[in-house]
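Residues per chain are reported as follows:
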Amino acid sequence: MGFPENFLWGGAMAANQCEGGIFEGGRGLANVDLCPSGSRRQEILRGHGKILQMEPGCHYPSAEAIDFYHHFREDIRLLGEMGFRVFRLSIAWTRIFPKGDEEKPNEEGLRFYDEIFEECKKYGIQPLVTISHFDCPVYLIEKYGGWRDRRMIDFYLRLCRVLFTRYQDKVTLWLTFNEINMILHAPFMGAGLCFREGENEELVKYQAAHHELVASALATKLAHEINPKNQVGCMFAAGSVYPFSCRPEDVWEALLKEQENYFFVDVQSRGYYPAYAKIRLQKRGIFPQMQTGDEEILKKYPVDFISFSYYNSRCVSAGTQEMAEGNLFQSAKNPFVNYSDWGWPIDPLGLRITLNQVYDRYQKPMFIVENGLGAEDIPEADGKIFDDYRIEYLREHIQEMKKAVEEDGVELMGYTSWAPIDLISAGTGEMKKRYGFIYVDKQEDGSGTRKRTRKKSFYWYQKVIETNGEEL
Ligand code: BGP
């Protein structure tokens, strides 16, 4: 049986982690440009330590990233060579609206993405576009406080209207917000939130989340109106939460953590605030303010499909346990899985479990839009890179994904690995945490030629796509 013939194999990247060129093409400054590498990064991602301009002495890795802005033709050609059927990319909001609240978009920014889509078309690659991948104009943060302000919905929809109209012949697959649940863990990155002294941060986060949820529903409506062929998905950071033991208290903790994540998808897919969220948020005094009509909007415009990133499962306990890392979420250390060099659990079966849980819950087509291994690659003397560890990680995950499709019957539209070309890490800002099939000669200190080199995994993934997942 295998994967469906039209299964979308590909890879995913985000503007702020690959483009660079932040002062080119009339682009404005965004939150993501202001996340330095090094020790202050975490504090800033989490909305503590407001800096809304570049500070001397800080290194801002997104400023140049891997310079996709100037290399995109060569980069997309390489994706084409691997046989990509889909390329997930995101739009830098400030290329289109440098400040965010202008009436008219920046033509130069629009042209840049036109060229990217044309390049994709040359190789038969379908774009899957994330409208906002951790991206918020700095001007909107200064003037409105980011997504805490309801007017953000209008600015975001202005962006959506321009994108849906301009690219209607080029793009039909859209994601509204990358990892929408990340707003709870990295609120500056997820929603441009900088907390003010003494305020109830949880309330601000849920208020901003509500605005994003309404914006997402209205974007779905707009996408369908402008082009009935458009398919819109939500996107969340997934990864099943395991109880540390079969102690009922541990199981209960795991359920609570699951609900914290599923809350977002429950609203985006089912179209209403689930009872558990209503009660708990109200009880904690952090239920967001809603306007008349919001509930109807959420109800009427649910997403068409559910997409998610999967790097690892998580594990929680009602008591205290040794902790582990993992995609900005901490979790208890699971003794039954291996760990990556960055301390993230490696749990391929967890992907099958997650696929089953998400499908059981929503019964909608799914799309795995991120999955991969961050590792340090050391080129051989002749420049070749043998990244067998990456191949192994991906092979095992794809095997589990295959079982979920073949044996469990989940409906899966496609798989885009993170990330086909080395780029800047979102969590740490490092360059040395590499995910690519394609090596970029840029080192942590900024040195290097920016040359692209095919790694061993490049040829492996090419074969995977060519055989539609039969040869792993
Ligand atoms: C997700 C983001 C990506 C990506 C990935 C890997 O949270 O959507 O932008 O970066 O995680 O994480 P990291 O870059 O921290 O290794």
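Being a predicted model, the structure only gives us computed values, none of them experimental.

(A) Structural detail: the overall build of the protein. Along the protein, the regular secondary structure elements total 15 helices and 16 strands. Expected size for 472 residues packed as a compact globule is a radius of gyration near 23 Å; at 21 Å, the protein falls within 12% of this value. Oriented by its inertia axes, the alpha-carbon framework of the protein measures out at about 60 × 55 × 50 Å. Pairs at least 24 residues apart make up 77% of the contacts formed inside the protein by residues separated by at least 6 positions. Accessible surface, the protein as shown: approximately 18100 Å² in total, 49% of it carbon and sulfur. Each charge class in the protein was averaged separately, 57 positive and 69 negative side chains, and the resulting centres sit 3 Å apart.

(B) Broad picture of the sheet that holds strand β2 (residues 86-90). Taken together, the 8 strands give a closed barrel; going around it, the order is β1-β2-β3-β4-β5-β7-β13-β14, and neighbouring strands pair in parallel fashion. Along the sheet, successive strands turn relative to each other by an average axial angle of 25°, direction set aside. When strand β13 (residues 366-370) meets strand β14 (residues 412-418), the two strands line up parallel, connected through 3 bridges. Opposite M366, over in β14, you have L412 as the bridge partner.

(C) Up close: the site of the ligand. The full set close to the ligand counts 16 residues, and Q17, E179, A426, K433 and Y435 are the nearest of them. Interatomic distance of 2.9 Å between a side-chain N/O atom of H133 and an oxygen atom of the ligand. E179 is positioned with one of its side-chain polar atoms (N or O) 2.5 Å from an oxygen atom of the ligand. Across the complex, the protein chains shield 98% of the 370 Å² of accessible surface that the ligand would expose by itself.

(D) Structural detail: the packing of helix α9 (residues 201-226) against helix α10 (residues 248-270). At their nearest, the axes of α9 and α10 sit 10 Å apart, and the two run at 30° to each other. Comparing their axes, α10 and α9 come out roughly parallel. For the crossing formed where α9 meets α10, the hand is right-handed. Only E260, F263, F264, V267 and Q268 of α10 make contact with α9, whose side of the interface consists of Y206, A209, L213 and S216. Looking at the contact of α9 with α10, its residues break down into 6 nonpolar, 2 polar and 1 charged.

(E) Spatial organisation of the pattern of salt bridges. Counting across every chain of the model gives 44 salt bridges. Ionic pairing is found between R284 and E202, a salt bridge with its closest N-O pair at 3.7 Å. Of this pair, R284 sits in the loop between α11 (275-283) and α12 (294-300) while E202 sits in helix α9, and the two are 82 residues apart along the sequence.

(F) Molecular detail of the packing of aromatic side chains. In the structure shown here, the tally under the stated rule is 31 aromatic pairs. Between W9 and Y415 the ring centres are 6.1 Å apart and the planes differ by 65°, which places this aromatic pair in the edge-to-face class. With W9 in strand β1 (residues 8-12) and Y415 in strand β14, the pair connects residues that are 406 residues apart, well separated along the chain. Just as W9 is buried, Y415 falls in that class too.

(G) Molecular detail of helix α13 (residues 348-362). When the terminal C-alpha atoms of α13 are compared, their 22 Å separation across 15 residues agrees well with the 21 Å that a helix rising 1.5 Å per residue should span. Buried residues of α13: P348, G350, L351, R352, T354, L355, V358, Y359 and Y362, and no others. Trailing α13 by a residue or two, Q363 shows a phi angle of about 55°, which is positive.

(H) Examining the side chain of T176 more closely. By secondary structure assignment, the location of T176 is in strand β4 (residues 173-177). For T176, a relative accessible area of 1% translates into the label buried. When neighbours within four sequence positions are excluded, T176 is seen to be in contact with I131, S132, Y156, S216, A219, T220, V232, G233, C234 and Q268.

(I) The nonpolar core, seen in detail. Counting residues in each nonpolar core, the largest one holds 145 residues, and the members touching the most others are Y113, W147, M401 and Y461. Element by element, the count of residues in this core is highest for α9, at 11 residues. Discounting residues that sit within four places of it in the chain, Y113 has contacts with A15, E19, L89, S90, I91, A92, R95, I96 and Y167. Among the nonpolar cores identified, the runner-up in size contains 10 residues, and V86, L128, L173 and M413 belong to it.

(J) Up close: unusual backbone geometry. The residue after W418, namely A419, is reached through a cis peptide bond having omega -25°. Take A419: it is sitting in the loop between β14 and β15 (438-440). Residues other than glycine seldom take positive phi values, yet F134 does so here, at roughly 50°. Following the sequence through the fold, F134 ends up in the loop between β3 (126-132) and α6 (138-144). The class of F134 is buried, set by a relative accessible area of 5%.

(K) Main features of the side chain of T94. Along the chain, the position of T94 falls in helix α4 (residues 93-96). Here G28 takes part through its backbone oxygen, which lies 2.8 Å from a polar atom of the side chain of T94. Not counting residues up to four positions away in its chain, the partners in contact with T94 are G26, R27, G28, L29, A30 and P137.

Calculation notes
- Residues numbered from 1 in each chain as written.
- Predicted model: local features only at pLDDT ≥ 70, side-chain atom pairs only at ≥ 80, totals over all residues.
- Heavy atoms only, no water.
- Helix = DSSP H or I, 4+ residues; strand = E, 2+ residues; numbered from the N terminus.
- Rg over C-alpha atoms; globule rule 2.2 N^0.38 Å.
- Contact = heavy atoms within 4.5 Å.
- Areas by Shrake-Rupley, 256 points an atom, 1.4 Å probe, with all protein chains shown as cover.
- Lys, Arg positive; Asp, Glu negative; His and termini not counted.
- Charge placed at Lys NZ, Arg CZ, Asp CG, Glu CD.
- Pairing = 2+ DSSP bridges.
- Axes fitted to C-alpha atoms, helices over the stretch in contact; angles between N-to-C directions.
- Near = heavy atom within 4 Å.
- Polar contact = N/O pair within 3.5 Å; in protein donor to acceptor, adjacent residues only side chain to side chain.
- Parallel < 35°, antiparallel > 145°, perpendicular 65-115°, else oblique.
- Left-handed = near helix turned anticlockwise from the far one by under 90°.
- Nonpolar A, V, L, I, M, F, W, Y, C, P; charged D, E, K, R; others polar.
- Salt bridge = Lys/Arg side-chain N within 4 Å of Asp/Glu carboxyl O.
- Phe/Tyr/Trp six-rings, centres within 6.5 Å; stacked < 30°, edge-to-face > 60°.
- Buried < 20%, exposed > 50% of the residue type's maximum accessible area, 1.4 Å probe, protein only.
- Expected span 1.5 Å × (residues − 1).
- Core = buried A, V, L, I, M, F, W, Y, C linked by side-chain atoms within 4.5 Å.

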